[in-house]
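Structure assessment
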Amino acid sequence: MSEPIIQIQHLNKTFGAGPTAVHALEDINLAIQPGEIFGIIGLSGAGKSSAAAFLEDLGFYCVDNMPVALITNFAGLCMAGAGTGKYSRVALVTDIRGGQTFDELFQALDGLKEQHLDYQLLFIEAADEDIVRRYKETRHTHPLPRQGYALPEAVKLERMALE
């Protein structure tokens, strides 16, 4: 295997300070090989968008909340354009927002394997109480309360769906 084009070790990102500090990323390590597709999955509010923003700063083409059904077609388009360099480093972010199950995600990943495309997954999570606090502080809404669940219950349901 060749040397990674990007190697990240012990990446941390904290917003604020003191007892209200929000640790969006803690001790993230990854190595990305040339031509790989990189997937960021995990709990809503756990720091996936922060990780994607970091990868964008490193020159990745990032797509947040891509419908799972489009992943294999998107990967094929990226590989077709990889010679231009524009899509040689791609990161996709997905979570429960798209309404898909993670079974569907793994079916799409199996489709990438069938196309002989390499990929890596970065799973990002945080404690339930940290996620609830982040949503309350940012005033963003978790995807599941829109379906009638209270925020703490929604976070627990999403975690169960990921297990």
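Our subject is the structure that appears above.
Cut-off values and rules
Residues numbered from 1 in each chain as written. Predicted model: local features only at pLDDT ≥ 70, side-chain atom pairs only at ≥ 80, totals over all residues. Heavy atoms only, no water. Helix = DSSP H or I, 4+ residues; strand = E, 2+ residues; numbered from the N terminus. Buried < 20%, exposed > 50% of the residue type's maximum accessible area, 1.4 Å probe, protein only. Polar contact = N/O pair within 3.5 Å; in protein donor to acceptor, adjacent residues only side chain to side chain. Contact = heavy atoms within 4.5 Å. Pairing = 2+ DSSP bridges. Axes fitted to C-alpha atoms, helices over the stretch in contact; angles between N-to-C directions. Phe/Tyr/Trp six-rings, centres within 6.5 Å; stacked < 30°, edge-to-face > 60°. Expected span 1.5 Å × (residues − 1). Arc of directions from axis to C-beta. Salt bridge = Lys/Arg side-chain N within 4 Å of Asp/Glu carboxyl O. Left-handed = near helix turned anticlockwise from the far one by under 90°. Nonpolar A, V, L, I, M, F, W, Y, C, P; charged D, E, K, R; others polar.

**Some remarks on the side chain of His-142**
Tracing the backbone through its elements, the reader meets His-142 in the loop between α4 (128-138) and α5 (151-162). Given the relative accessible area of 2%, His-142 is considered buried. Reaching out from His-142, the side chain makes a polar contact with the side chain of Glu-158 at a distance of 2.8 Å. Beyond its immediate chain neighbours, meaning those up to four positions away, His-142 contacts Ser-44, Tyr-135, Leu-151, Ala-154, Val-155 and Glu-158.

**Section: the sheet that holds strand β5 (residues 90-94)**
What the 4 strands build is an open sheet, ordered β4-β5-β3-β6; its pairing is parallel. Among the strands making up the open sheet, the edge pair consists of β4 (61-64) and β6 (119-124). For this sheet, the mean angle separating the axes of adjacent strands, direction not counted, is 20°. Bridge count between strand β3 (residues 37-42) and β5: 5 bridges; the pairing is parallel. Bridging across to β5, Phe-38 finds its partner in Ala-91. Along the sheet, helix α2 (residues 71-80) makes contact with β3, β4 and β5, crossing β5 at roughly 165°.

**Here's the deal with the packing of aromatic side chains**
Enumeration according to the criterion identifies 1 aromatic pair in this entry. With centroids separated by 6.3 Å and ring planes inclined at 25°, the aromatic side chains of Tyr-61 and Phe-74 adopt a geometry described as stacked. With Tyr-61 in strand β4 and Phe-74 in helix α2, this residue pair connects regions lying 13 residues apart in the sequence. A relative accessible area of 15% places Phe-74 in the buried class.

**Some details on helix α3 (residues 102-114)**
The first and last C-alpha atoms of α3 sit 18 Å apart over 13 residues, in line with the 18 Å expected at 1.5 Å per residue. Restricting attention to buried positions, one finds in α3 the residues Phe-102, Leu-105, Ala-108, Leu-109, Gly-111 and Leu-112. Buried residues along α3 cover an arc of 155° about the axis, so they all sit on one side. Residues of α3 that are exposed and point over 90 degrees away from its buried face: Asp-103, Gln-107, Lys-113 and Glu-114. Looking at the buried side of α3, the elements it contacts are β3, α2, β5, β6 and α5.

**Re the pattern of salt bridges**
In the structure shown here, the tally under the stated rule is 4 salt bridges. Across the pair Asp-130 and Arg-133 runs a salt bridge whose closest N-O atoms are separated by 3.0 Å. Note that Asp-130 and Arg-133 are positioned in helix α4 at a spacing of 3 residues, about one turn of the helix. Counted as one network, the salt bridges with shared partners bring together Glu-125, Asp-128 and Arg-159.

**A few points about the packing of α2 against α3**
In the contact formed by α2 and α3, the axes pass within 9 Å of each other and the chain directions differ by 30°. Our pair here, α2 against α3, has a crossing hand that is right-handed. Of the residues in α3, those in contact with Ile-71, Thr-72 and Ala-75 of α2 are Leu-105, Ala-108, Gly-111 and Leu-112. Its residues assigned to classes, the contact of α2 with α3 comprises 5 nonpolar, 2 polar and no charged.

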